[in-house]
Each structure stands twice: as C-alpha cells, then as structure tokens.
Amino acid sequence: QVQLVESGGGLVQAGGSLRLSCVASGSIFSINAMGWYRQAPGKQRELVAQVTSGGATNYAASVRGRFTISRDNAKNTVYLQMNNLKPEDTAVYYCNLVLNGRAAIYNYWGQGTQVTVSS
C-alpha cells in the first residue's frame, strides 16, 4: 500500500504565498515522478507541476515563473512553493506519485488540500 499525505493548503490573499508538502509512505519501490495537480469547481483536473526521478521539471504555463516544485528523495517528499498567488489558482490541489512496476506504471493520489486565493 502507498499513502500520500498532503499539507500546507489554506486561505491567502492575492499576491501571497503558500507551500504545499506531500509525504509518500508505504511500498515505494521505483519512483518515476512526483507532482501536483489541481481541480477547480466545474473544471477538469489539470497538471500543475511535476518532477521526474531524474530531476526534470514540467510546469503548466499558467504557473510557470510563480510556482516551484522540489523534491527530497531521502524523505519521499515533494513540495510546491506557490508565490504571487492569483484568485484563479483557487482549487483543490492533489499530490500525485507515479511508480514504475515490472510491467506497468502505477498512479497514486493524495486526498487533496484546498487552496483559496481571495482578491
């Protein structure tokens, strides 16, 4: 079993900052990537940022330059530093873990943490 525990969400004014954390535990065998997705009311879940096992990062265009993803391999933890937050960043943020299996890729999700940005 794999568990992802997120923390760091909350309410912040536009222009403010938040830092999300996600700790993975359990049967962590071969990590392919860790990342963050978000889902706003009435919208589909979308990729926010991802970091691969090799350290390569990928960001949604809407957050590039404002958000930074980082990872502590020793702690199986991924962080998302969010600066200059905007009301349109309001969403539930989900941690994602991708593991390499012998013949498949496995996706795991956290329970989600609410981020609300007021104008």
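Report on the accompanying structure. It should be emphasised that the depicted structure is a prediction, and the values quoted were computed from it without experimental measurement. (Residues numbered from 1 in each chain as written. Predicted model: local features only at pLDDT ≥ 70, side-chain atom pairs only at ≥ 80, totals over all residues. Heavy atoms only, no water.)

### Description of the nonpolar core
Rule in force here: Throughout, nonpolar core names a set of buried Ala, Val, Leu, Ile, Met, Phe, Trp, Tyr and Cys residues whose side chains join them through atoms within 4.5 Å. Categorising residues by exposure relies on relative accessible area from a 1.4 Å probe, with only protein chains included: less than 20% of the type maximum marks a residue as buried, more than 50% marks it as exposed, and the intermediate range marks it as partly exposed. Secondary structure elements are defined from DSSP: runs of H or I of at least 4 residues count as helices, runs of E of at least 2 residues count as strands, and each element is numbered from the N terminus.
Ranked by size, the top nonpolar core spans 30 residues in total, and within it W36, L80, M82 and Y93 carry the most contacts. Among the elements of the structure, β1 (2–7), β3 (18–26), β4 (31–39), β5 (46–52), β7 (67–72), β8 (77–82), β9 (91–100) and β11 (113–118) are those that each provide at least two residues to this core. The element contributing the most residues to this core is β9, with 5 residues.

### So, the pattern of salt bridges
Note the threshold: Any Lys or Arg side-chain nitrogen located within 4 Å of an Asp or Glu carboxyl oxygen qualifies as a salt bridge.
The full count for this structure, using the stated rule, is 3 salt bridges. Taking the shortest distance from any N to any O, the salt bridge between E46 and R38 comes out at 2.7 Å. Classification of E46 as partly exposed rests on a relative accessible area of 35%. Given a relative accessible area of 7%, R38 falls into the buried group. The partner of R66 in a salt bridge is D89, and the shortest N-O contact between them spans 2.8 Å. Residue R66 is found in the loop between β6 (57–59) and β7, and its partner D89 is found in the loop between β8 and β9; the two are separated by 23 residues along the sequence. Taken as a pair, R66 and D89 share a single burial class, namely buried.

### Re the state of the cysteines
Simply put, disulfide is the name for a covalent bond between the sulfur atoms of two cysteines. Convention followed: By definition, disulfides here are pairs of cysteine sulfur atoms that lie within 2.5 Å.
All chains considered together, the criterion is met by 1 disulfide. Disulfide partner of C22: C95, at an S-S distance of 2.0 Å. Looking down the S-S bond of the C22 and C95 bridge, the torsion is -85 degrees, so its handedness is left-handed. Of the two residues, C22 sits in strand β3 while C95 sits in strand β9, which places them 73 residues apart along the sequence. Across the pair, C95 and C22 agree in class, each one buried.

### Points about the pairing of β5
Note the cut-off: The criterion for strand pairing is that DSSP finds at least two bridges linking the strands in question.
As defined by bridge partners, β4 adjoins β5 across 6 bridges and the pair is classed as antiparallel. Following the sheet pairing, R38 is matched in β5 by E46. In this antiparallel pair of consecutive strands, β4 and β5, the connection spans 6 residues, and G42 shows a positive phi of 80 degrees. Pairing of β5 with β6 involves 3 bridges; the strand directions are antiparallel.

### Looking at the side chain of D89
Put simply, the rule reads: Any pair of nitrogen or oxygen atoms within 3.5 Å is treated as a polar contact; in protein, a donor-acceptor pairing is required on top of that, and neighbouring residues in sequence qualify only through side-chain atoms on both sides. Contacts are assigned to residue pairs that have any heavy atoms within 4.5 Å of one another.
By relative accessible area, D89 is classed as buried at 1%. Within polar-contact distance, the side chain of D89 engages the side chain of R38 at 3.0 Å. Excluding anything up to four places from it in sequence, D89 contacts R38, V63, R66, F67, N84, V115 and V117.

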